[in-house]
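Structure at a glance
Chain by chain, the residues run as shown.
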Amino acid sequence: MYCSTLSLTNFRNYRRLDVTLPNGPILVLGGNASGKTSLLEAIYFLATTRSHRAGSDREVVHWHAQPEYGLPPFARIAAHVHKRGGLDVEIIVMRDGGEGVTTTRKRIRVNDRPRRAIDLIGQVNAVMFGPQDLDLIVGPPTLRRRYLDITISQIDPHYVRTLQMYQRVVLQRNSLLKSASDRGLRPSGAADQLLYWDEELVRHGAYLLARRLEALAQLNTIADALHRRLAGTGEPLELRYRSTVNDGDLLPSEAPGEEALAEAFGRRLEQRRSDELRRGMTLSGPHRDDVLFLVGGVDMAPYGSRGQQRSVILALKLAEVDLMLDATGEMPILLLDDVVSELDPERRRYLLEAVLERRQQVLVTATDLVPVGREFLSRASLLETSSWKDCA
Ligand SMILES: Nc1ncnc2c1ncn2[C@@H]1O[C@H](COP(=O)(O)OP(=O)(O)OP(=O)(O)O)[C@@H](O)[C@H]1O
Ligand SMILES: [Mg+2]
């Protein structure tokens, strides 16, 4: 698939931008603060209905946007995505006014019909690789959970719905545990009320676990092959899932099925019942799990060199492209932000070659041409942010 037209209104620094984008490699060239990342962010928004970098989505609305058409200040992204069936997508992100109000409202239309965010996710597939991803291994577990959730949500509509229900159950269950802990209920008393929420938690949670393990197994197979070529050492790359519902790490390739995971999760809830009541929160489940990256048996988070970590992430990102292609039959759009400046020459060359091999729409940002390489330049279309000066 590829995004063939993109129109932005009051999105980040763009007051108004209308561009036609070709399929294949595109070099987005421009100086610092000229709107390169913002352009990629807008395309990523179409795929995930979220920003990849904003703490809150309302940050994307232009600072000076004014209320219009009876709406509070808003940013609009409209695009045509070329794929089987074709897709017109419009997202309006509203910045609700008022001091301290941080809620963001969104309005989404797909092929001119109003849709919920959850219905859009998965229709446009994109893989983003930017400087923030270089922290995937060493950053906090939330980053790795988010990575898995976003990747799987794009290929499995049931996953994104289950995730939403699971998150609601965690909130409900936490408030019950909290009020039980505040009132000093004895564990046995509160346990009866928790029964319903336990079952819901386990039912949704087991599905999330099973899908995460399945996706990790697929990613592992592809990423391992890519990584061996990239690292050139022949050492295996192994992804492990460290679950709070299980003692010891789970190997995705030998993972138990959904039913066995549900049983393990149920048992874990019983074991931790008194802890949960004391602390007033849900202590086990997919919302507390983590992923480990091992190369030659060595955990890359504490022991990997920065270069080793980069190779693993690069292999993982390319594996994500192949995973999406495999699951949907369509090449996702690839967004490579700042990688030509952040990766060393060898890995950069490998990535750009791999991208050209895959024949997909890929937007690569750079501040100058030198590091991009002749091969890529000769095949890429050029988009210069300086030609849009009047858009800001
Ligand atoms: N909500 C907003 N409204 C208006 N301008 C914004 C908003 N958010 C960010 N900007 C500005 O938009 C400009 C472009 O930012 P962007 O991150 O896209 O630049 P970039 O070309 O990727 O730069 P770099 O090469 O440094 O990564 C910056 O000057 C930034 O301060
Ligand atoms: Mg940038």
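Residues numbered from 1 in each chain as written. Chains lettered and ligands numbered in written order. Predicted model: local features only at pLDDT ≥ 70, side-chain atom pairs only at ≥ 80, totals over all residues. Heavy atoms only, no water.

Neither face of strand β12 (residues 333–336) is exposed, since Ile333 and Leu335 on one face and Leu334 and Leu336 on the opposite face are all buried. Bridge count for strand β8 (residues 126–129) against β12 is four bridges, and the pairing is parallel. If you follow Val127 over to β12, its bridge partner there is Leu334. The pairing of β12 with strand β13 (residues 362–366) spans three bridges and is parallel. Bridge assignment links Leu334 to a residue of β13, and that residue is Val362. (Buried < 20%, exposed > 50% of the residue type's maximum accessible area, 1.4 Å probe, protein only. Helix = DSSP H or I, 4+ residues; strand = E, 2+ residues; numbered from the N terminus. Pairing = 2+ DSSP bridges.)

As a further point, take the sheet that holds strand β11 (residues 298–299). Read across the open sheet, the three strands follow the order β9-β10-β11; overall the sheet is antiparallel. The strands lining the two open edges of the sheet, one partner per strand, are β9 (237–242) and β11. Bridge analysis of strand β10 (residues 290–295) against β11 gives two bridges, and the strand direction is antiparallel. When the bridges of β11 are listed, Val295 appears paired with Val298. Packed onto the sheet, helix α3 (residues 141–155) meets β9 and β10 and runs at close to 95° relative to β10. (Contact = heavy atoms within 4.5 Å. Axes fitted to C-alpha atoms, helices over the stretch in contact; angles between N-to-C directions.)

Once that is clear, we can look at the sheet that holds β13. On the basis of which strands lie adjacent, the open sheet formed by five strands has the order β8-β12-β13-β3-β14 and parallel pairing. A strand with exactly one partner marks an edge of an open sheet, and here the two such strands are β8 and β14 (381–384). Averaged over all pairs of adjacent strands, the angle between their axes in this sheet comes to 20°, without regard to strand direction. Of the strand pairs in this sheet, strand β3 (residues 25–29) and β13 are connected by five bridges, and their pairing is parallel. What sits directly across from Ile26, in β13, is Leu363. Sheet strands touched by helix α9 (residues 306–328): β8 and β12. Its angle to β8, the strand with the most contacts, is close to 175°. Its contacts with the sheet place helix α11 (residues 345–358) against β3, β8, β12 and β13, and it is angled at close to 160° to β12.

This part covers unusual backbone geometry. Backbone geometry at Arg12 places phi at a positive 50°, although glycine is not the residue there. Following the sequence through the fold, Arg12 ends up in the loop between β1 (2–11) and β2 (14–20).

Moving on, we come to the packing of aromatic side chains. Two measures describe an aromatic ring pair: the distance that separates the ring centres and the angle between the ring planes. Here the structure, examined in full by the defined rule, presents four aromatic pairs. For the ring pair Phe11 and Phe45, a centre distance of 6.1 Å and an interplane angle of 90° mean the geometry is edge-to-face. Taken together, the residues Phe11 in strand β1 and Phe45 in helix α1 (residues 36–48) connect sequence positions 34 residues apart. Look at Phe11 and you get buried, because its relative accessible area is 0%. On the numbers, 6.0 Å between centres and 65° between planes, the contact of Tyr14 with Trp388 is edge-to-face. A residue pair is termed long-range when its members are at least 10 positions apart, and Tyr14 in strand β2 and Trp388 in the segment after β14 qualify at 374 residues. Given a relative accessible area of 2%, Tyr14 falls into the buried group. On the basis of relative accessibility, which here comes to 11%, the residue Trp388 falls in the buried class. (Phe/Tyr/Trp six-rings, centres within 6.5 Å; stacked < 30°, edge-to-face > 60°.)

On their own, these measurements won't tell you what the molecule is for.
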